[in-house]
Every structure is written in structure tokens, then in C-alpha cells.
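Secondary and tertiary structure notes
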Amino acid sequence: MTITSPHLGSPSSEWTDARLLYALEEVVETELNRHLKVAKDWMPHEYVPWSDARNFPGLFEDGEAWDKEQSKVTELGRIALVVNLLTEDNLPSYHHEIASLFGRDGAWGTWVHRWTAEEGRHGIVMRDYLLASRAVDPDKLEAFRMQHMAEGFESDNRHSMLHSVAYVAFQELATRVSHRNTGHQSGDPVCDRMLARIATDENLHMVFYRNLLKAAFDLAPDLTMQAVRDVIVNFRMPGHGMPGFERAAAQMAIGEVYNMRIHHDDVLQPVLRHLKVMDMTDLGPEGLQAQDELGMYMGGLDSEARKFDEKLAARKARMAARAAG
């Protein structure tokens, strides 16, 4: 797409967040219109097994206390579902972050509100599913939600609109992958269908931001390359501050819901390949340095992922031997 802007081709030193927002407005409008044509509205309540639901103790005398044996969901599925839902729960903070960076006017503002509305469905349907199917302890889930949201959320990339665009291009895909793998590992076909529906939304969000990132590369290749390098090298999922995240992340890594290999192969590489980031040549000294550093980091991440793969294979072999013995 050709971007008609008085700033097109400006040296990197002249680009500011305000100028980039203005220059990308046309792209945002085009991508918003495309998104609205392909996105399908869906009803969260249609994905919830309401017939499995029953009262919990409290106002109802016939309430039945929660027990994990009441649910079809696997232990790994339960852990990943809680992480995924608590991440979705912080939507008010995410909305504040992107609204502050992208603004509430014009195509940018329309996208911010549309994205927020779509993301809101995810938290609604996941919580309703978890409670109706009795997949998690409702008291602990609420305590975790209160603790996580009370601490708030501040993005690592809140200092820069360009860094934020780069981050969400990868993070939306990471969320899609995490939801899909959680569904596969959940042990419940109803859960799998629900998370597949959520993952479809997340993929469309990724495409929006990925196309926006491509336009940023066309406008300011050096700055965008530096932003992509910074985001990938320092990448953290938005739920990193939730209670017990490190332990849950380790269990999800071992269970192959989300780990270094998945992060490298299924999240970072697809976006980098699609945008041909490592093949770009129209870069100045700073852009070339960032590209080189990004390449070295990706090589190191692949090596670390290979070591993790070997440890995971050895662990599986030990478990299989124990089961056979």
C-alpha cells in the first residue's frame, strides 16, 4: 500500500509518536475496514455448558462446594485457563494503555474501542465456562482476580507508540497460540471449541497489528527495526505480574502449552518471516545494527529452545519408563 503522507521518507530523527500516528492513520482506517468485513460477531453464552452449572455455597442453601473432581478439565488445562483468564481480566488497564498511546479519535480511536469490545468477550466466556463447568475453585479465582487487578498493569512499551505496535503484533499471536494449546490440553471438547473461537479473534488482531507494523517499516525502517529488536529481546507476556505466574508458566512450558520452542517457532518466526524482517536492506547504520542484534538473539533463543527440547524429551522418557515399570 502506498501511504500518502508529508512525512514519507523522513529521516528517522524527525519521526515522533505524533507524526507516526498521523502518518499511519490511513493504514489504520484501511485495516479497520478490512477487519470489520472478516470479523464475525459471536455470542459468549452459546459456548458455555449451562446445563452443567449448579449453585455454589453462599446465598443458596442448596449450594454445592467446589471440588476439582467435578470437572473434566485436566490439571494442566486448569492452570493454563486461570493464567489466560487473569490475563484477559486486566482489559481495563490494557484499554487505558492503548487509548493513551493511540488516542480516542478517528480511525485509531474506533479501533481501540472495537478491540476492547472484542477482547471483553473473551473474559466473559472464559469465566462463565469455568464457573458453569466447575473447572476451578471460584473463591481462589476471584481472590486471584482481585489481587492481579489491584496491582494494575504497566506495559514495558508504554514509552513508545512504535514499540507498542511491535509488541502487540507478537503478543496477539502468542495469546492465540496459548489459547489453542490450552484447548488441546484441556481434556474437554467444549473448552477446546470455546478457546478455538477466542483464538480466531486473537489471530485477526495479530493480522491488524502485523499489517500496521509493515506500514511502519515502510515509513521508518530504522526506528521500526530497533523497536522490533527491543520488543523481542525484552518480551514478556502481559500476565507476568499475576499471583503464582512463574510456577504456572513453568508447568505450561513442560506441558507444551507455551514454552521457548513454541515462542520461537510459532510466535516470533512467523511474524518475522511474513514481514521479511531479516531480509531488509534499506536500512541505515542503526537499523542494520538492530537487525544484526535481532538475528543473534534469535539464534541464541533457538539454541536455548533446543536445550529445553532435549530436557523435555528426557523427562518424557523417564516418565514413560516409570509407567512401564
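Our subject in this report is the structure included herewith. On a predicted model such as this, the values are computed, not experimentally measured, just so you know. (Residues numbered from 1 in each chain as written. Predicted model: local features only at pLDDT ≥ 70, side-chain atom pairs only at ≥ 80, totals over all residues. Heavy atoms only, no water.)

Attention now goes to the overall build of the protein. A tally of helices and strands in the protein yields 11 helices and 0 strands. In the protein, the order of α-helices and β-strands from amino to carboxyl end is α-α-α-α-α-α-α-α-α-α-α. Here the protein has a C-alpha radius of gyration of 21 Å; the compact-globule value for 325 residues is 20 Å, and the two agree. Principal axes of the C-alpha set define a box for the protein whose edges measure 70 × 50 × 35 Å. Split into buried and exposed, the 325 residues of the protein put 51% on the buried side. Considering only intrachain contacts with a sequence separation of at least 6, the fraction spanning at least 24 residues in the protein is 81%. Here the protein has roughly 15600 Å² of accessible surface; of this, 54% comes from carbon and sulfur atoms. The positive charge centre, built from 35 side chains, and the negative charge centre, built from 49, are 6 Å apart in the protein. (Helix = DSSP H or I, 4+ residues; strand = E, 2+ residues; numbered from the N terminus. Rg over C-alpha atoms; globule rule 2.2 N^0.38 Å. Buried < 20%, exposed > 50% of the residue type's maximum accessible area, 1.4 Å probe, protein only. Contact = heavy atoms within 4.5 Å. Areas by Shrake-Rupley, 256 points an atom, 1.4 Å probe, with all protein chains shown as cover. Lys, Arg positive; Asp, Glu negative; His and termini not counted. Charge placed at Lys NZ, Arg CZ, Asp CG, Glu CD.)

Attention now moves to the environment of leucine 21. Within the secondary structure layout, leucine 21 lies in helix H1 (residues 17-38). On a C-alpha basis, the gap between leucine 21 and alanine 320 in space is 55 Å, while along the polypeptide they are 299 residues apart.

This part takes up the packing of aromatic side chains. What the rule picks out here adds up to 5 aromatic pairs. Ring centres of tryptophan 111 and phenylalanine 208 lie 3.7 Å apart, and the angle between their planes is 5 degrees; this geometry places the pair in the stacked category. With tryptophan 111 in helix H4 (residues 106-132) and phenylalanine 208 in helix H7 (residues 189-219), the pair connects residues that are 97 residues apart, well separated along the chain. For the pair formed by tryptophan 111 and phenylalanine 208, the shared burial category is buried. (Phe/Tyr/Trp six-rings, centres within 6.5 Å; stacked < 30°, edge-to-face > 60°.)

With that settled, consider the nonpolar core. Core analysis: the biggest nonpolar cluster contains 62 residues, and Phe102, Phe170, Tyr209, Leu212 and Val228 have the highest contact counts within it. For this core, the secondary-structure elements that each account for two or more residues are H1, helix H3 (91-102), H4, helix H6 (161-185), H7, helix H8 (221-233), helix H10 (260-275) and helix H11 (285-324). Examining the composition of this core, we find that 11 residues originate from one element, H6, more than from any other. With residues near it in sequence (within four places) discarded, leucine 212 still touches Leu24, Val27, Val28, Trp108 and Val165. Membership of the second largest hydrophobic core comes to 28 residues, among which are Trp42, Leu81, Leu130 and Cys191. (Core = buried A, V, L, I, M, F, W, Y, C linked by side-chain atoms within 4.5 Å.)

Notably, arginine 134 is not glycine yet its phi reads approximately 55 degrees, a positive angle. One non-glycine residue, glutamate 256, lies in the positive phi region at around 60 degrees. Its place among the elements puts glutamate 256 in the loop between helix H9 (245-254) and H10. Residue classification places glutamate 256 among the partly exposed residues on the basis of a relative accessible area of 34%.

For serine 71, the location among the structural elements is in the loop between H1 and helix H2 (75-89). For serine 71, the side chain forms a polar contact with the main-chain nitrogen of valine 73, separated by 3.0 Å. Among residues more than four places away in sequence, those in contact with serine 71 are Arg78, Ser133, Arg134 and Ala135. (Polar contact = N/O pair within 3.5 Å; in protein donor to acceptor, adjacent residues only side chain to side chain.)

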